[in-house]
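A look at the structure
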Amino acid sequence: MYESASFRNNAAELAGRVVGLLRGGRAGLVTDVDGTISPIVERPEQAIVLPGAREALARLANRLALVAVVSGRTVADAHKLVGVDGLTYVGNHGLEILSERGPELVPEARPWVPRIAAVLDDVARMHAIPGVLIENKGATASLHYRMTPDPDQARRELLAILARRAITSGLRIEEGRMVINLLPPLTVTKGSAVSWLVREHRLERLVYLGDDITDAHAFRALAVLRQSGVRTLGIGVVAPETPPSVRQLADACVASVREVAELLCRTADGLESSGTMESREALAAGEIDG
Ligand SMILES: [Mg+2]
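Residues numbered from 1 in each chain as written. Predicted model: local features only at pLDDT ≥ 70, side-chain atom pairs only at ≥ 80, totals over all residues.

**Some words on the sheet that holds strand E4 (residues 96–99)**
- Spatially, eight strands are ordered E5-E4-E3-E2-E1-E10-E11-E12 in an open sheet, and the strand pairing comes out mixed. The sheet is open, and its two borders are formed by strand E5 (102–105) and strand E12 (252–254), each paired with just one other strand. Put simply, the sheet's adjacent strands are angled 25 degrees from each other on average, direction ignored.
- Taken strand by strand, helix H3 (residues 75–82) contacts strand E2 (66–70), strand E3 (88–91), E4 and E5, and its axis lies near 135 degrees from that of E3.
- Sheet strands in contact with helix H6 (residues 190–200) are strand E1 (27–31), E2, E3 and strand E10 (205–210), and its direction is about 165 degrees off that of E2. (Pairing = 2+ DSSP bridges. Helix = DSSP H or I, 4+ residues; strand = E, 2+ residues; numbered from the N terminus. Axes fitted to C-alpha atoms, helices over the stretch in contact; angles between N-to-C directions. Contact = placed C-beta atoms within 7 Å.)

Below you can see the structure in the form of structure tokens.
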């Protein structure tokens, strides 16, 4: 199936669209990590970025005005996992960036760090569901139930506890692929992070890749950016457990993390063989201004 002729045609066609979009003007590519360039695994610490995706991102960073990673992980964790120099790293669903000084939380998220910790303490005390993994990421938290004996039951129990505790604390709940995320009630999302990156880097063109509900915020942001003249393409990674919003909001879909790696590789090939060759150095020096 993966090697089928129709997939080859689709992959080539999509890569052609991506290269065509990224080739002109100031262009950027932003990608999610887990489920997009890194296969979904049982425990977050087991994740690895596919080597093909990593190499392609490094090559793209030499060709584009921006290559960024936007993840629900802490920004330090996302940086460690992806491990490519020259990329921009945004973590904690947009609440944290990696600056030259290290990880930096947006100021409005800081008061929520102790509140998240307090809710997690309560969840751990009120219920011990075997296999639930509680991940405290500072400004956000993730409750993973992929490894529980009955994930549907675990999800219901966790949501019931959170309905009593997290909502009274003011936190926002957002579900993902076998995970419940606790977030501060702020307007910062992967979508606002994408809009910020476009402004900061004066991008005229943008490709975004993602697989989950939190990426739907980014796909919605692309639609708004498009209205302001930015050319965008949102690509969803569609697996059996993909939330409907990803399918609905993405402009194009690929079927797996492997296909993302291949798309990124084809894109790097296409940009390297194209005539324009807009290197990051030339852009930074102002020699090329889209
Ligand atoms: Mg993801």
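Back to the write-up after that little detour.
**Examining the packing of helix H2 (residues 51–61) against helix H9 (residues 257–273)**
- Orientation of H2 relative to H9, taken along the N-to-C sense of each, is 30 degrees, at an axis distance of 8 Å. Taken together, H2 and H9 sit at an angle that is classed as roughly parallel. At the point where H2 passes H9, the crossing takes the left-handed sense. Of the residues in H9, those touching H2 at Gly-52, Ala-53, Ala-56, Leu-57, Arg-59 and Leu-60 are Val-260, Ala-261, Leu-264, Cys-265, Thr-267, Ala-268 and Glu-272.
- The class makeup of the residues in the contact of H2 with H9 is nine nonpolar, two polar and two charged. (Parallel < 35°, antiparallel > 145°, perpendicular 65-115°, else oblique. Left-handed = near helix turned anticlockwise from the far one by under 90°. Nonpolar A, V, L, I, M, F, W, Y, C, P; charged D, E, K, R; others polar.)

**Overview of the packing of H6 against helix H7 (residues 213–227)**
- Remark: H6 packs on H7, axes separated minimally by 6 Å, with the N-to-C direction vectors making an angle of 40 degrees. Considering their axes alone, H6 and H7 lie oblique with respect to each other. With respect to the hand of their crossing, H6 and H7 are arranged in right-handed fashion. Between H6 and H7, the residues in contact are Lys-190, Gly-191, Val-194, Ser-195 and Val-198 and Thr-214, Asp-215, His-217, Ala-218, Arg-220, Ala-221 and Leu-225, respectively.
- Split into classes, the residues belonging to the contact of H6 with H7 amount to five nonpolar, four polar and three charged.

**Structural notes on the nonpolar core**
- Ranked by size, the top nonpolar core spans 56 residues in total, and within it Ala-68, Val-69, Val-194, Val-207, Tyr-208, Val-260 and Leu-264 carry the most contacts.
- Top contributing element to this core by residue count: H9, with seven residues.
- Within the second largest apolar cluster, 20 residues are counted, among which are Val-123, Ala-141, Leu-162 and Val-188. (Core = buried A, V, L, I, M, F, W, Y, C linked by C-beta atoms within 7 Å. Buried ≥ 20, exposed ≤ 12 C-beta atoms within 10 Å, placed from the backbone.)

**Section: the sheet that holds strand E8 (residues 172–176)**
- Read across the open sheet, the four strands follow the order E6-E7-E9-E8; overall the sheet is antiparallel. If you trace the sheet from one side to the other, it starts and ends with strand E6 (133–136) and E8, each paired once. Averaged over neighbouring strand pairs, the angle between their axes works out to 20 degrees when direction is ignored.
- Strand direction decides the pairing type here: E6 and strand E7 (residues 141–144), joined by four bridges, are antiparallel. For Asn-136, the partnering residue across the bridge sits in E7 and is Ala-141.
- Its contacts with the sheet put helix H4 (residues 112–126) on E6, E7 and strand E9 (179–183), and the angle it makes with E6 is roughly 165 degrees.

**Description of the domain arrangement of the protein chain**
- Split into domains, the protein chain comes out as domain 1 (5–105 + 188–284) and domain 2 (109–183).
- Taking only C-alpha atoms into account, the centre of domain 1 sits 27 Å from that of domain 2.
- Tallying the contact residues gives 17 residues for domain 1 and 17 residues for domain 2.
- In the side of domain 1 that touches domain 2, the residues fall into five nonpolar, six polar and six charged. (Domains from an automatic or database assignment.)

**Notes on the pairing of E4**
- In this sheet, E4 lies alongside E3 in antiparallel orientation, the contact comprising two bridges. Its bridge partner lying in E4, Gly-91 is registered against Glu-96.
- As consecutive antiparallel partners, E3 and E4 are separated by four residues, and within that stretch Asn-92 has a phi angle of approximately 50 degrees, a positive value.
- Where E4 meets E5, four bridges bridge the pair, whose relative direction is antiparallel. Its bridge partner lying in E5, Leu-98 is registered against Pro-103.
- The hairpin formed by E4 and E5 contains two residues between the paired strands.

**What to know about H7**
- Taking 1.5 Å of rise per residue, the 15 residues of H7 would be expected to cover 21 Å, and the 22 Å separating its terminal C-alpha atoms lies within 8% of that figure.
- Buried within H7 we find Thr-214, Asp-215, Ala-216, His-217, Ala-218, Phe-219, Ala-221, Leu-222 and Leu-225.
- Of the surrounding elements, those touching the buried residues of H7 are E8, H6, E10, strand E11 (231–237) and helix H8 (244–249).
- Residue Gly-229 follows H7 closely and has a positive phi angle near 100 degrees. (Expected span 1.5 Å × (residues − 1).)

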